[in-house]
Amino acid sequence: MRKAANATTAAEGSSSAPGPGPGKPADRSRLAALGRFLVRRRVPVLLAVLLAVAAAIPVGGGVADRLSSGGFTDPAAESSKAQEFLADRFGSGVPNLVLLAHAPGPVDDPRTATAGQDLTRQLAQEPGVLSAVSYWTTPRASAQPLKARDGRSALVLLRLGGDEDRVRATAKELVPRFTGRQGVLRLSATGEAQISAEVQEQSEQDLFRAEAYAAPVILLILLFVFGSAVAAGLPLLIGVFSILGTFVVLQALSRLTSVSVFAVNITTALGLGLAIDYSLFIVTRFREEMARGLGTTEAVAQSVRTAGRTVLFSALTVALSLSALLVFPLYFLRSFAYAGVAVVALAAFAAVVVLPAALGLLGPRIDALDVRRLFRRRPKPRAADQGTGPGQAAGAATGGFWHRLATAVMRRPVLCAVGVVTLLVVLGLPFTRVSFGLVDDRVLPGDAPAHRTAQFVREEFASRENSSLSLVVPDAGGSGDRQRVAAYASRVSAMPGVTRVDTVTGSYAAGRQVAAPSAVSASFAAGGAGWLSVVPSVEPYSSAGTELVERLRADSAPGTVLVGGDAAVLADTRDTLADRLPEAALIVGGTTVVLLFLFTGSLLIPFKAVLLNLLSLTATFGAMVYVFQEGHLRALVGDFTVTGLVDITMPVLMFCVAFGLSMDYEVFLLSRIKEVYAETGDNTLAVAVGLERTGRLVSAAAALVAVVMIALATSGITFLKLLGVGLALAVLLDATLVRGVLVPAVMKLAGRANWWAPRPLRRLHARLGLTEE
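About the cut-offs
Residues numbered from 1 in each chain as written. Predicted model: local features only at pLDDT ≥ 70, side-chain atom pairs only at ≥ 80, totals over all residues. Heavy atoms only, no water. Helix = DSSP H or I, 4+ residues; strand = E, 2+ residues; numbered from the N terminus. Buried < 20%, exposed > 50% of the residue type's maximum accessible area, 1.4 Å probe, protein only. Contact = heavy atoms within 4.5 Å. Salt bridge = Lys/Arg side-chain N within 4 Å of Asp/Glu carboxyl O. pLDDT = per-residue confidence, 0-100. Expected span 1.5 Å × (residues − 1). Bend = angle between axes of the 7 residues up to and from the residue. Phe/Tyr/Trp six-rings, centres within 6.5 Å; stacked < 30°, edge-to-face > 60°. Lys NZ or Arg CZ within 6 Å of the ring centre and 35° of its normal. Patch = residues over 30% accessible without salt bridge, like charges linked within 9 Å, V, L, I, M, F, W, Y side chains within 5 Å. Areas by Shrake-Rupley, 256 points an atom, 1.4 Å probe, with all protein chains shown as cover. Lys, Arg positive; Asp, Glu negative; His and termini not counted. Charge placed at Lys NZ, Arg CZ, Asp CG, Glu CD. Core = buried A, V, L, I, M, F, W, Y, C linked by side-chain atoms within 4.5 Å. Pairing = 2+ DSSP bridges. Axes fitted to C-alpha atoms, helices over the stretch in contact; angles between N-to-C directions. Parallel < 35°, antiparallel > 145°, perpendicular 65-115°, else oblique. Left-handed = near helix turned anticlockwise from the far one by under 90°. Nonpolar A, V, L, I, M, F, W, Y, C, P; charged D, E, K, R; others polar.

(A) Structural detail: the overall build of the protein chain. The secondary structure content of the protein chain amounts to 26 helices and 14 strands. When each of the 773 residues of the protein chain is scored for burial, the buried share is 59%. Long-range pairs, those at least 24 residues apart, make up 80% of the contacts in the protein chain between residues at least 6 apart in sequence.

(B) Focus on the pattern of salt bridges. Taken as a whole, this structure holds 28 salt bridges when the rule is applied. Linking glutamate 126 and arginine 177 is a salt bridge whose minimum nitrogen-to-oxygen distance equals 2.9 Å. Taken together, the residues span a long stretch of sequence, with glutamate 126 in the loop between α5 (110–124) and β2 (129–134) and arginine 177 in helix α7 (residues 164–178) at a distance of 51 residues. Arginine 574 is the partner of glutamate 550 in a salt bridge, and the nearest nitrogen-oxygen pair spans 3.3 Å. Of this pair, glutamate 550 sits in helix α18 (residues 543–554) while arginine 574 sits in helix α19 (residues 566–600), placing them 24 residues apart in sequence.

(C) Region of the structure containing the confidence of the model for the protein chain. The predicted model of the protein chain averages 85 in pLDDT, with 88% of residues at 70 or higher. The low-confidence segment residues 378–397 (pLDDT under 50) makes 39 contacts with residues lying over four places distant or belonging to another chain.

(D) Spatial organisation of α19. The terminal C-alpha atoms of α19 lie 49 Å apart, and with 35 residues this matches the ideal 51 Å at 1.5 Å per residue to within 8%. Along its length, α19 reaches its greatest deviation from straightness, about 40°, at leucine 581, and the proline proline 582 lies no more than four positions downstream. A positive backbone phi angle near 80° is found at glycine 601, which sits one or two residues after α19.

(E) Structural context of the packing of aromatic side chains. Tallying each qualifying case throughout the model produces 15 aromatic pairs. Residues phenylalanine 241 and phenylalanine 349 carry aromatic rings whose centres are separated by 6.1 Å and whose planes lie at 25° to one another, so their mutual orientation is stacked. Highlighted residues: phenylalanine 241 in helix α9 (residues 229–253) and phenylalanine 349 in helix α12 (residues 331–362), separated in sequence by 108 residues. Overall, phenylalanine 241 belongs to the buried group, its relative accessible area being 13%. Residue classification places phenylalanine 349 among the partly exposed positions, given a relative accessible area of 41%. Seen in terms of ring centroids, phenylalanine 262 and phenylalanine 332 are 6.0 Å apart; in terms of plane orientation they differ by 75°. Their pairing is edge-to-face. Of the two residues, phenylalanine 262 sits in the loop between α9 and α10 (263–291) while phenylalanine 332 sits in helix α12, which places them 70 residues apart along the sequence. Like phenylalanine 332, phenylalanine 262 is buried. Of the aromatic side chains, those joined through ring pairs into one cluster are Phe72, Phe262, Phe332, Phe336 and Phe719. Taking NZ or CZ as reference, arginine 634 lies 5.4 Å from the ring centre of phenylalanine 640, over its face.

(F) Representation of unusual backbone geometry in the model. The phi dihedral of leucine 633 is positive, around 60°, even though this residue is not glycine. With respect to the element layout, leucine 633 can be found in the loop between α21 (618–629) and α22 (634–637). Residue classification places leucine 633 among the partly exposed positions, given a relative accessible area of 46%.

(G) Region of interest: a positive patch on the surface. On the surface, a cluster of positive charge is made up of Arg759, Arg762, Arg763 and Arg767. Note on placement: arginine 759 falls in helix α26 (residues 759–768). With relative accessibility at 55%, the residue arginine 759 sits in the exposed group.

(H) Layout of the nonpolar core. Core analysis: the largest hydrophobic core is formed by 180 residues, its most contacted members being Phe262, Tyr278 and Phe719. The residues contacting phenylalanine 262, other than those within four sequence positions of it, are Ser69, Phe72, Val199, Ser203, Phe332, Phe336, Ile717, Phe719 and Leu720. If you look at the next biggest cluster of nonpolar residues, it comprises 36 residues, including Ala101, Ala148, Leu157 and Leu185.

(I) Just the sheet that holds β2, in detail. The five strands lie next to each other as β2-β3-β1-β5-β4, forming an open sheet whose pairing is antiparallel. With one partner strand each, in any of the chains shown, β2 and β4 (180–182) form the two edges of the open sheet. In this sheet, adjacent strand axes meet at a mean angle of 30° when their direction is disregarded. When strand β1 (residues 97–102) meets strand β3 (residues 153–160), the two strands line up antiparallel, connected through six bridges. Residue pairing in the sheet places valine 98 in a bridge with leucine 157 of β3.

(J) Main features of a nonpolar patch on the surface. A cluster of nonpolar residues, Val43, Leu47, Leu50 and Leu361, forms a patch on the protein surface that exposes about 360 Å² of accessible area. Tracing the backbone through its elements, the reader meets leucine 361 in helix α12.

(K) Structural view of α21. With twelve residues, α21 extends 16 Å between its outermost C-alpha atoms, agreeing within 8% with the 16 Å of an ideal straight helix rising 1.5 Å per residue. Three or more residues of α21 are buried, namely Thr618, Ala619, Thr620, Phe621, Gly622, Ala623, Met624, Val625, Val627, Phe628 and Gln629. Close packing links the buried residues of α21 with α15 (413–428), α20 (604–616), α22, β14 (646–647), α23 (650–680) and α25 (718–750). Following α21 by one or two positions, glycine 631 has its phi on the positive side, about 90°.

(L) Region of the structure containing the side chain of serine 323. Within the fold, serine 323 resides in helix α11 (residues 296–323). Residues within four places of serine 323 in sequence aside, it is in contact with Ala337, Val341 and Ile587.

(M) Summary view of the environment of valine 676. Here valine 676 lies in helix α23. By relative accessible area, valine 676 is classed as buried at 1%. For the pair valine 676 and valine 689, spaced 13 residues apart in sequence, the C-alpha to C-alpha distance is 7.4 Å.

(N) The packing of α12 against α23, seen in detail. Running from N to C, α12 and α23 point in directions that differ by 15°, and their axes come no closer than 11 Å. Between α12 and α23, the angle falls in the class roughly parallel. As α12 packs across α23, the resulting crossing turns out to be right-handed. For the pair formed by α12 and α23, the contact residues are Phe332, Leu333 and Phe336 on the first element and Met650, Val652 and Leu653 on the second.

(O) The packing of α10 against α11, seen in detail. The geometry of α10 relative to α11 is characterised by a closest axis approach of 8 Å and an angle of 150° between their N-to-C directions. Looking at the two axes, α10 sits roughly antiparallel to α11. Here α10 runs over α11; the crossing is right-handed. Facing Leu270, Tyr278, Phe281, Ile282, Arg285, Phe286, Glu289 and Met290 of α10, the residues of α11 in contact are Thr296, Ala299, Val300, Gln302, Ser303, Thr306, Ala307, Gly308, Val311, Ser314, Ala315 and Leu322. Looking at the contact of α10 with α11 residue by residue, the classes come out as twelve nonpolar, six polar and two charged.

This is how it looks when you write it as structure tokens:
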């Protein structure tokens, strides 16, 4: 009796096994009952969905306008506290809007100087501007760094007040008015505020372009994979529902917390990709049940019971993987969790509620407008299509490509496993050379105004005025203790990597005072607080920049010192991610192991799945460095600026998203393997038949998801391009080398141990296991 019951509790029932009849255990399945209910109430359900979609369009359609383009820093980090202290106590800080002024002649020409002074005074009086200084308003002794080497360009440095959204809004209002021709000067803008504004605009443009590029290709592949125009439209229904629903969720969340605008991009990509995956598996199962002679209602019921259950389980694993991003305090990463969990949940809901109602309405018409009919021969009847008995179920699918591949791999499992593992490790080796940075102007296309202006500043100005470090001294001892501050500034100016230190007592370089107090330096406030501006000679987003921060924090100072600025932000972000990464990895790995145990009853399979998923990511991580850090193969992925750095948040984001997508395919494969093993007890046969029954579906789903991700890679923003390329590569390698070769080889080597668990765990699984009944 136990063996017979096990045969009916597989994740997705065999296409050749007879459908459960009245009174059998599967008929008591809640999912099967849900399927029958949805068929009976198909019209009201579909009308409710259409009304929900119509209501979501005006609510979620403008979500991007409420989202932010920042979120790359930890608000509790020392660098963030330094920035907040400067803004609150001094109303100043590191410039976040930089205007580059080009003159027709030398910038010291009297007419040019007068225009520059007038411009600076006018900007200082604009709403939202805390401070404005320029070459023309700075004492001559310390103004030289604000003049270009050619003597015909100079900088105007502004500090805008407010949070990220307010700063960006002020920049959007000021930049159009003060760039272009301004008297004898011609101005362009860059800096954190302008970069943020242009990144947000570029992201929205990229989203529309990606959809335009991907739509025709996706439609053609959907027609080929689903076979009929009617069936191909179902994933689009699921995708629209889940994407618009997630936009509504993001709209609501944006009123409670900061949400990154890039959540919109991942919502679209994941929403469409998962809609395709889930629809493909349920529609395929529905067709199998119809081919076995079941009526529409029972075919829907059994599809929801089997494929629907697997979809729900798969969605849970993906959502938990994405939820690990919530442990990081950077709202850029947290936003991907908000969007990812919401879109996965809505896609799964639509797959087991909306899709069954649509199938109930369509019935046999699911194959209407069959576009493949003209290109295929009528297949010979197979036992799998004729509802033969359970004893023949496992042997039905034995002649296809994936069965032959699995059989060939399992003849030489050691050779195949070692070969694939070696290849994946070699592809991942470039990641050992990774250098991390943060988002700056170079994530924008080369012709973006903020990028062009910043590149000119990098090349033509001797120092890095707009990348200065702030040394905030909350308890400096008051203005009467300036000698101690002067000695400290002199000592800091002699450190490697420092060009100049500006403070209330003057400017210092190489350990000595070189100028009177600079207009861009800070002073003291009530209570003895003060700050110094350290102009570095090294690239802030580099190991040299973070080493400078470490030296500054280790040095003795006249009181407690908070170090802020670009290099300090990178150092703090690196430390924050490193501290939280073990917790995120534990969430991803721990939940995966627990859920797969509940799914399979095996102790080995969950750990094997985690290990193989990690291996499938090695090539993606290697590509981060080989392509995007070092600039190889740029012709294949589109033009971008090679900085020699990888954004420090990308490996974390890629790990959580790609791991979740890989688990999606792992669950579908295991469901079929487990089914056949429960029926036959033959591990080798179960692996071969399971791969045969899922290989075509998984490869087709992976191809469609890869197209969606490659569309994301058409973005002009470098880290979105990296995300798209990396996820496409991870999905394709996972669906081919890992699922097609590595999984059969490892499961063959493990043999019956695949399904072993200690007696206490077997009893636990018997009570808590995720069965169909």
